[in-house]
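A closer look at the structure
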2 protein chains.
Amino acid sequence: MQKYFVSNDDFLNNIITSDDVFHIKNVMRGKIGDLIVVSNENEEYLCKLVEIAKEYVKYEKVEKLINNNELPVYVSLYQGLPKGDKLDDIIKMSTQFGIDSVIPTIMKRSIVKVDPSKIKNKTIRLNKIAKEAAEQSNRLKVPKVMETIKLDKIDFSEYDYKIVCYEESAKDGELSLFKNVVKSLNKDSKICVVIGPEGGIDESEVEYLKKLGFIMVGLGPRILRTEMAILYVLGAISYEMELK
Amino acid sequence: MQKYFVSNDDFLNNIITSDDVFHIKNVMRGKIGDLIVVSNENEEYLCKLVEIAKEYVKYEKVEKLINNNELPVYVSLYQGLPKGDKLDDIIKMSTQFGIDSVIPTIMKRSIVKVDPSKIKNKTIRLNKIAKEAAEQSNRLKVPKVMETIKLDKIDFSEYDYKIVCYEESAKDGELSLFKNVVKSLNKDSKICVVIGPEGGIDESEVEYLKKLGFIMVGLGPRILRTEMAILYVLGAISYEMELK
């Protein structure tokens, strides 16, 4: 069943006014009477289309749905800016695995040049990717993608757990710290995960993060590419906390 | 350090004769004295280039390396044939996560048309992808990609554990069977994992696999795309068995 996230106003007024109007009409070829799922990221309903106009679609709420699909903890990914469209993939994939927010982070070994005048539009585009992925994976909430920021400008004080996925830890055979962290998580814990770009995290950044209380963790003995590491982290948290 | 997998003959003769000669010369711009890692999938050595000829490269073994990077169990993925180049991605990603073998499997809802005359070349190409990914992720072994086969032609009798990643199980809130399987694995267990194509596994295929002793497992509450499911499986096995 196709799901659409709407604003609180639209949710109250039983209406869809965003780009999704185009999607309903031209991609799904929606007709009066068709069923969709509508969510305001707090609750969601099975809904029936009752009017399809040029600029909006009206629906009727048929049945409240129960959605317990959110990971029981909040994971924020500070992803060292990778090359090409890897950030798109990271957002798509980590949304399926339950990420809460993604913060594209400029690190010393990020090769990509960031054009400050384009950050706003890029952030809008990345949030659209997150919304679509959240619809497809049946999330209750849409992960938030924040504006690209430099590592040393970030305030990490709000987090309960702070980890860096660190290849050198893995190479040194460090195989216990990550599991320790996961085992100690509680419902609603806030975890931040720093992952370097393709070239890894610079030694000076490691020292900086250590001083801020970060733990350097290995994710098993194989070398994971930058875009894969967060999936290992989220999958392990889901396995530990969501499966019985 | 760049790694190259070679045949046993080449390993004994301290030589590289495959496509990797091109890679060493033109991609890495290798020079006499450069260090590489050479593996025959059984043991591996740090090696020094001593001769770079047109058709081969000679090296000297400098130091035996210890590589314990293989997952302690053998996971075979029977992947319902997906669209486009998703199979390439699945092989690249699952190699990083420790897969042992991938068998592209024709299922009822596979949309892709398979041209029997092209299967051989396609298999060769997919094995090259696996080899490159294994070099990059520092595996000791290269996962094997078998020829594309129809689901009902497969002999599953060699496996100790047989699971199907089944979306309907996840939707029904089935959250314990996968963890039960993972917790009961032993070193060298052989596990086969069946994952449907984009449209999922057909009901008749589910019944067929159940009769063969397969367990239908859910992988948490969110809907994972076909190419993501194996990463959840492998990540969980690594987390459970490789991390302390």
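We now turn to the structure provided with this report. (Residues numbered from 1 in each chain as written. Chains lettered and ligands numbered in written order. Predicted model: local features only at pLDDT ≥ 70, side-chain atom pairs only at ≥ 80, totals over all residues. Heavy atoms only, no water.)

Topic: the sheet that holds strand E3 (residues 35-39) of chain A
Residue and element names in this part refer to chain A. Taken in spatial order, the 5 strands of this open sheet run E1-E3-E4-E5-E2, and their pairing is mixed. The two strands at the open ends of the sheet, each matched to only one other strand, are strand E1 (3-5) and strand E2 (15-16). Running over the sheet, helix H2 (residues 20-27) touches E1, E2, E3, strand E4 (44-52) and strand E5 (57-65) and is turned about 160° from E1. (Pairing = 2+ DSSP bridges. Helix = DSSP H or I, 4+ residues; strand = E, 2+ residues; numbered from the N terminus. Contact = heavy atoms within 4.5 Å. Axes fitted to C-alpha atoms, helices over the stretch in contact; angles between N-to-C directions.)

With respect to empty space enclosed by the protein
Once rolled over the atoms, a probe with the size of a water molecule shows which space is left empty. Going through the model one piece at a time under the given rule, you end up with 2 cavities of 30 Å³ or more. In this model, the largest cavity occupies a volume close to 40 Å³. Taken together, Gln96(A), Phe97(A), Leu219(B), Gly220(B), Arg222(B), Leu224(B) and Tyr232(B) make up the lining of the largest cavity. Tallied by class, the residues present in the lining of the largest cavity amount to 4 nonpolar, 2 polar and 1 charged. Its volume calculated, the second largest cavity comes out at about 30 Å³. Split by residue class, the lining of the second largest cavity holds 5 nonpolar, 2 polar and 1 charged. (1 Å grid on protein atoms, 1.4 Å probe; cavity = no way out; pocket = protein on both sides within 12 Å on 5 of 7 lines; lining within 4 Å. Points joined across faces, edges and corners; volume = space filled by probe spheres on them. Nonpolar A, V, L, I, M, F, W, Y, C, P; charged D, E, K, R; others polar.)

Looking at the relation of the copies chain B and chain A
Once turned by 180° and shifted 0.0 Å along the axis, chain B lies on chain A with an RMSD of 0.0 Å. What we have between these two chains is a two-fold relation. Taking C-alpha positions as reference, the residue of chain B nearest the rotation axis is Ala236(B), located at 2.8 Å. Interface residue correspondence from chain B to chain A reaches 100%, placing this contact among same-surface, isologous pairings. (Least-squares fit on C-alpha atoms with pLDDT ≥ 70 in both.)

Focus on the side chain of Lys3(A)
All names here are of chain A. Relative to the helices and strands, Lys3 is located in strand E1. At 2.8 Å, the side chain of Lys3 forms a polar contact with the side chain of Glu44. Only 2.6 Å separates the side chain of Lys3 from the backbone oxygen of Arg139, close enough to count as a polar contact. (Polar contact = N/O pair within 3.5 Å; in protein donor to acceptor, adjacent residues only side chain to side chain.)

With respect to the packing of helix H3 (residues 86-96) of chain A against helix H4 (residues 119-136) of chain A
Residue and element names in this part refer to chain A. Contact pair H3 / H4: the axes reach a minimum separation of 8 Å and the direction vectors enclose 30°. Note that H3 runs across H4; the crossing there is right-handed. Here Leu87, Asp88, Ile91, Lys92 and Thr95 of H3 come into contact with H4, specifically with Lys122, Arg125, Leu126, Ile129, Ala130, Ala133 and Ala134. In the contact of H3 with H4, the residues fall into 7 nonpolar, 1 polar and 4 charged. (Left-handed = near helix turned anticlockwise from the far one by under 90°.)

Some details on a negative patch on the surface
A contiguous patch of negative charge, built from Asp85(A), Asp89(A), Asp85(B) and Asp89(B), is present on the exposed surface. Assignment of secondary structure puts Asp85(A) in the loop between strand E6 (74-80) and H3. (Patch = residues over 30% accessible without salt bridge, like charges linked within 9 Å, V, L, I, M, F, W, Y side chains within 5 Å. Areas by Shrake-Rupley, 256 points an atom, 1.4 Å probe, with all protein chains shown as cover. Salt bridge = Lys/Arg side-chain N within 4 Å of Asp/Glu carboxyl O. Lys, Arg positive; Asp, Glu negative; His and termini not counted. Charge placed at Lys NZ, Arg CZ, Asp CG, Glu CD.)

Re the environment of Glu147(A)
All names here are of chain A. With respect to the element layout, Glu147 can be found in the loop between strand E8 (144-145) and strand E9 (149-150). The exposure class assigned to Glu147 is partly exposed, which follows from its relative accessible area of 38%. Along the sequence, Glu147 and Asn13 sit 134 residues apart, while their C-alpha atoms lie 31 Å from each other. For Glu147, the contacting residues outside a window of four places in its chain are Ile103, Pro104, Ile119, Lys120 and Thr123. (Buried < 20%, exposed > 50% of the residue type's maximum accessible area, 1.4 Å probe, protein only.)

A word on the nonpolar core
Formed by 87 residues in total, the largest nonpolar core has its most connected members in Val75(A), Phe178(A), Ile230(A), Val75(B), Phe178(B) and Ile230(B). In this structure, Val75(B) is in contact with Ile99(B), Asp100(B), Ser101(B), Ile191(B), Val193(B), Ile230(B), Leu234(B) and Ile237(B), ignoring residues within four places of it in sequence. (Core = buried A, V, L, I, M, F, W, Y, C linked by side-chain atoms within 4.5 Å.)

Regarding the interface of chain B and chain A
In this assembly, 37 residues from chain B lie in contact with 38 residues from chain A. Note on chain B versus chain A: buried area summed over both sides is about 3,400 Å², and carbon and sulfur give 57% of it. Here chain B is connected to chain A by 2 salt bridges. Taking the shortest distance from any N to any O, the salt bridge between Arg222(A) and Glu242(B) comes out at 2.8 Å. One can count 26 residue pairs in polar contact (both at pLDDT 80 or more) joining chain B with chain A. At the level of elements, helix H3 (86-96), helix H6 (177-183) and helix H8 (226-241) of chain B are the ones that each hand at least two residues to the side of chain B that touches chain A. Broken down by element, the residue count for the side of chain B that touches chain A peaks at 8 residues, all from H8(B). Across the side of chain B that touches chain A, the residue classes break down as 15 nonpolar, 13 polar and 9 charged. (Buried area = accessible area lost by both parts, 1.4 Å probe.)

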